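One-letter residues, chain by chain:
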Amino acid sequence: MELPKRYDPQKEEEKWLEYWDEEDIYKFNPDSKAEVYSIDTPPPTLSGKMHIGHSFSFSQQDFVARFQRMRGKSVFYPFGTDDNGLATERLIEKMKKVRGKNMKRKEFVDLCLKTLEEIRPDFIHDWKRLGISADYSIYYSTINEHCQKISQRSFIDLYKKERIYRKYSPIIFCPQCQTAIAQVEMEDKKSKSTLNYIKAKMDDSYLVYATTRPEVLYGCVGMSINEQGTYVKIDVSGEIWITSKDSLMHLGQHFEYTLIEEFKGKEMIGKEVTIPICENKVAITHDEETKTEYGTGIVYYCTYGGSDCIEWMVRHPGTEAINVMGLDGKYNEKSGKYKVMRSEEARKQSIADLEEQGHLILKDQIEHMINVHERCGTDIEYIATDQWFIKYMDLKEDFLAYGGKIKWHPHHMRNRYDNWVKGLKWDWNISRQRHFGVPIPVWYCEKCSEVKIADVESLPVDPLTEKPKGKCGCGHDKFIGEKDVLDTWATSSLTPDIAIELFKDKKVFEKLHPMNLRPQAHDIITFWLFNTVVKSYFHHKDIPWKDAMISGWALDPHGKKMSKSKGNVVDPRETIKKYSVDALRFWAAGSSLGEDLPFQEKDLVTGIKFTNKIWNASKFTFMHLENYNLEKPKKLELIDKWILSRLSKVIKESTEYFEKYEYSHTKLETEKFFWQIFCDNYLEIIKDRVYNPDKRGGDARVSAQYTLYTSLLSVLKLMAPITPFITEELYGHYFKEHENVKSIHNSEWPSLEMQDETAEKAGDFFIYVLQQVRKAKSEKNVSMKEPVKRILAKGKINPEQFEEMKQDLIATTNAQEIEFETIPEDKEIDYEVVVDLE
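**Student:** Residues and numbers for the environment of Asn102, please.
**Tutor:** Inspection of the secondary structure puts Asn102 in the loop between α3 (86–96) and α4 (105–129). Distance from Asn102 to Leu752, taken between C-alpha atoms, is 67 Å for residues 650 residues apart in sequence.

**Student:** Before we move on, can you summarise unusual backbone geometry with the specific residues and values?
**Tutor:** Peptide bonds are, in most cases, trans, and in most cases residues other than glycine have a negative phi. The step from Thr303 to Tyr304 runs through a cis peptide bond, and the omega angle for that step is 0°. Looking at the element boundaries, Tyr304 is found in the loop between β15 (299–302) and α7 (307–315). In the segment running from Leu459 into Pro460, the intervening peptide bond is cis, with an omega of 0°. Its place among the elements puts Pro460 in the loop between β22 (451–453) and β23 (479–481). Phi is positive for Asp24, which is not a glycine, with a value near 50°. Relative to the helices and strands, Asp24 resides in the loop between α1 (9–22) and β1 (36–38). Here Asp24 falls in the partly exposed class, since its relative accessible area comes to 46%. A positive phi angle is found at Asn740, which is not glycine, with a value near 60°. Take Asn740: it is sitting in the loop between α23 (724–739) and α24 (757–779).

**Student:** Residues and numbers for the pattern of salt bridges, please.
**Tutor:** On inspection of all chains with the given rule, the structure shows 60 salt bridges. The partner of Glu118 in a salt bridge is Lys96, and the shortest N-O contact between them spans 3.8 Å. Highlighted residues: Glu118 in helix α4 and Lys96 in helix α3, separated in sequence by 22 residues. Classification of Glu118 as partly exposed rests on a relative accessible area of 43%. When its relative accessible area of 33% is taken as the criterion, Lys96 is described as partly exposed. Of the charged contacts, one joins Lys687 and Glu684 as a salt bridge, the two residues approaching to 3.2 Å between their closest N and O atoms. Accessibility expressed as a relative area gives 29% for Lys687, which makes it partly exposed. Among the charged side chains, a network of salt bridges with common partners joins Arg646, Lys649, Glu757, Glu760 and Asp764.

**Student:** Lay out the sheet that holds strand β21 (residues 442–445) in plain terms, naming residues and giving numbers.
**Tutor:** Read across the sheet, three strands follow the order β22-β21-β23 without closing on themselves; strand pairing throughout is antiparallel. The open sheet has two edge strands with one neighbour each: β22 and β23. In this sheet, adjacent strand axes meet at a mean angle of 35° when their direction is disregarded. As defined by bridge partners, β21 adjoins β22 across three bridges and the pair is classed as antiparallel. Bridge pairing in β22 places Tyr444 opposite Val451.

**Student:** Which residues make up the packing of helix α18 (residues 638–659) against α24, and what values do they have?
**Tutor:** The contact between α18 and α24 brings their axes to 8 Å, and the two run at 110°. As the angle between them shows, α18 and α24 are arranged roughly perpendicular. Considering the relative orientation of α18 and α24, their crossing is left-handed. Contacts between α18 and α24 involve Leu638, Ile639, Lys641, Trp642, Ser645, Arg646 and Lys649 on the former and, on the latter, Glu757, Ala759, Glu760, Ala762, Gly763, Asp764, Phe766 and Ile767. For the contact of α18 with α24, a count of residues per class yields seven nonpolar, two polar and six charged.

**Student:** Which residues make up the sheet that holds strand β25 (residues 515–521), and what values go with them?
**Tutor:** The parallel open sheet is built from three strands, whose spatial order is β18-β26-β25. On the outer flanks of this sheet lie β18 (407–409) and β25, each paired with one strand and no other. For this sheet, the mean angle separating the axes of adjacent strands, direction not counted, is 20°. Sheet topology note: the β18/strand β26 (residues 545–551) ladder contains three bridges and is parallel. Across the sheet, Lys407 pairs through a bridge with Asp547, a residue of β26. Across the sheet, helix α14 (residues 525–540) touches β18, β25 and β26, and the angle it forms with β25 is around 160°.

**Student:** Talk me through the side chain of Glu13; I want residue IDs and the actual numbers.
**Tutor:** Examined against the element boundaries, Glu13 turns out to sit in helix α1. For Glu13, a relative accessible area of 0% translates into the label buried. Here Arg129 takes part through its side chain, which lies 3.0 Å from a polar atom of the side chain of Glu13. Filtering out sequence-adjacent residues up to four positions away, Glu13 remains in contact with Tyr7, Arg129, Ser580, Val581, Asp582 and Phe725.

**Student:** How would you explain the pairing of strand β9 (residues 220–225) if you had to name every residue and give the values?
**Tutor:** Both faces of the sheet carry side chains from a regular strand, because those side chains alternate between them. Burial of β9 is extensive: six of the six residues sit out of reach of the surface. By the bridge criterion, four bridges tie β9 to β15 in an arrangement that is antiparallel. Directly across from Gly222, in β15, lies its bridge partner Tyr301.

**Student:** Which residues make up α1, and what are the values?
**Tutor:** Here α1 contains 14 residues, and its C-alpha end-to-end distance of 20 Å stays within 8% of the 20 Å for a straight helix at 1.5 Å per residue. Buried within α1 are the following residues: Pro9, Glu12, Glu13, Trp16, Leu17, Tyr19 and Trp20. Projected onto a plane normal to the axis of α1, the buried residues spread over an arc of 165° and lie on a single side. Exposed residues on α1 whose side chains face more than 90 degrees from its buried face are Lys11, Asp21 and Glu22. The inward-facing, buried residues of α1 contact α2 (52–70), α4, α16 (581–588) and α23. Immediately beyond the C-terminal end of α1, within one or two residues, lies Asp24, with a positive phi of roughly 50°.

**Student:** Please give an account of the packing of aromatic side chains that cites residues and values.
**Tutor:** Summed over the entire model, instances satisfying the criterion amount to 52 aromatic pairs. Between Phe123 and Trp127, the aromatic rings sit 4.7 Å apart at their centres with planes inclined by 40°, giving tilted as the arrangement. With Phe123 and Trp127 both in helix α4 and four residues apart, the pair spans about one turn of that helix. For the pair formed by Phe123 and Trp127, the shared burial category is buried. Here the aromatic rings of Tyr392 and Trp428 are separated by 6.4 Å at their centres, their planes lie at 25°, and the arrangement is stacked. Note that Tyr392 is positioned in the loop between β17 (381–390) and α9 (396–405) and Trp428 in strand β19 (residues 428–429), a separation of 36 residues in sequence. Given the relative accessible area of 4%, Tyr392 is considered buried. Within the aromatic cluster, the residues linked to one another by ring pairs are Tyr392, Phe399, Tyr402, Trp408, Tyr417, Trp428, Phe530, Tyr537 and Phe538. In this arrangement the basic side chain of Lys128 is found over the ring face of Tyr136, its NZ or CZ atom lying 5.0 Å from the centre. One Lys or Arg, Lys199, reaches over the ring of Tyr206 and ends 4.8 Å from the middle of that ring.

Cut-offs used in this document
Residues numbered from 1 in each chain as written. Predicted model: local features only at pLDDT ≥ 70, side-chain atom pairs only at ≥ 80, totals over all residues. Heavy atoms only, no water. Helix = DSSP H or I, 4+ residues; strand = E, 2+ residues; numbered from the N terminus. Buried < 20%, exposed > 50% of the residue type's maximum accessible area, 1.4 Å probe, protein only. Salt bridge = Lys/Arg side-chain N within 4 Å of Asp/Glu carboxyl O. Pairing = 2+ DSSP bridges. Axes fitted to C-alpha atoms, helices over the stretch in contact; angles between N-to-C directions. Parallel < 35°, antiparallel > 145°, perpendicular 65-115°, else oblique. Left-handed = near helix turned anticlockwise from the far one by under 90°. Contact = heavy atoms within 4.5 Å. Nonpolar A, V, L, I, M, F, W, Y, C, P; charged D, E, K, R; others polar. Polar contact = N/O pair within 3.5 Å; in protein donor to acceptor, adjacent residues only side chain to side chain. Expected span 1.5 Å × (residues − 1). Arc of directions from axis to C-beta. Phe/Tyr/Trp six-rings, centres within 6.5 Å; stacked < 30°, edge-to-face > 60°. Lys NZ or Arg CZ within 6 Å of the ring centre and 35° of its normal.

Structure, rendered in structure tokens:
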């Protein structure tokens, strides 16, 4: 059957989606004897729709999955959705116009689960529509019972290993989301602020300190200097100020002063300072982190103004914290006049109060980096509360060693992992103050507060609605259930276990773990990748996967990060409607792994041009393969040997590139071969042979047919991982019945051992002559079909080779006469061609 004139991607892509699903083209067989290739698929967050970044990174990992499948491997490629966490809560609250905090936990959780079931099918279809060749029957949701069981089991295992503990401790807190967050959930943000210079009474003088957070003054627990630093007393309008010598130049720009004396910081140790407004007294101490060149060389520490305050508390044991902020993100009764205010309001008010009372002497406008919650962009706070932690600060060297066992693609991405591990400051806080999440499986005895852990056999459990088995060690049988839930990363870090254990077979687990590949974007190396390594270290004493494939970001056309607020977001669904899935994937294959790629519509236009070109080239090829019986000719024409040798190299290089996750090089080399060698030259060269078979006789036409079949099928297979729909359409139209494999994506990756340097040398000479003829006709503005009177071709091949190609050259150039001369090998030039058109 002849190909239609044009390819309709919107119609055909949906057709093949149904076919792949009905025929189980991508189904994983755990009993297969083939080598396994297992992928720890990133579960996209169900709380939003697919964005262009998803289509970029998921396409890249799918290139690899499809390649490995065509290499004959049994590909384990599960699909999950990440619907456990704060983002899901926010989505449900917005969709259903409710506030989770105002509902009973079970009521809100049931609403979330019901809503997720409603929106999940359309969400998953977006990934199917993108051509992601996962086995969707191996599905998990990070909030379903299967995942809850594994996540709670992990908690219990670590608790029994004494790697989990509960502690009343300062934690990173998001006032907007009203929950604890982990260090990994923070991101840096540049912010404008003021560095406020404040004077505080000490004996008959004033100590001058500088801070960006005057509002936490009610929580001040200490004032530190550097005992080896040089400080000064100065007279400013009759007041005695104390500051570091290093700060005099800056203060002198704003105040006239008289230097009274210089002294070492150690002379101030033990003296008391009265904090303005709250009138609390704190003692001056030495602290090695205090630098005299920053601010005034005098630092006030509060509970808690930031991570530096927490670290100061560790360095100064015995200091009693004053917890000035509650779990609602507002200052509490210990904050005096700033009670019920949030930080921004309290900061403005405290600055006004300090100014009014004469304590604020100077404000410097500054721009500095602050920590915000990556989910909502809110400035984070530090508050003290009972929280659960995974103890791992003593294992940093082990985690670095595990990172070294993983093969990173690209290799430099390991630096991000190493830098994160080296910069860890705290144990992993895994408890969250939310309704929707995996419940922490513990209870507390009403009488003695002893912790009781759930039995593994009873998992999953919800301590707020279920009771533990047995009594407490003290004999009491009444318990209070833990109301906190686990951090979503405490569950997502178990995706290898979650996916593999869907089979409930230890042999399958042993077969698949450690997995072959973790594909993901570079921005969550510190989130998902590191935490998965941590869990695998604790539970399996092994790395979770052998390779890590790290993708970059999809950027806007100007190279900027996309965001709704900037209005530069690209919707992949609309892009697919305008172009096609193959065109979008073609664009995604345009960058090397790990590189960010601007979204340029011209790249999708190029993708469309490719699909149109391969459609037309196939139309021509199929027409001349109608009566071809797959026989290999007794003798291949030299020009056929030339292209097959070139193709052999492309296949070999493309295979090596793909094995190293360098799919963009495969795309580039295949494109060059297809456009420049196959279409621009070879199809023109063999037209006379296939249109006029009797003219040449012998195997000349069969040689062309064999080469056409082999070349086009190989190109289709090389591009199948990147453009799966057009390649499947063309394969199904002709090759399927001859290859006896129902999908190109289950067929064998191309393999061709026909490299022939002699044929390549001769063929390259042929192409050079052809180019010179085309050039001569173009310069004279003559049609390419016009005859050529005479060609004198000189080259470093022997006359027998030229004679073998002469008929093809005459037919292609429409030459009336061609003469050939051999150029000796010792001559500098390789080719010389003279073209006479008249």
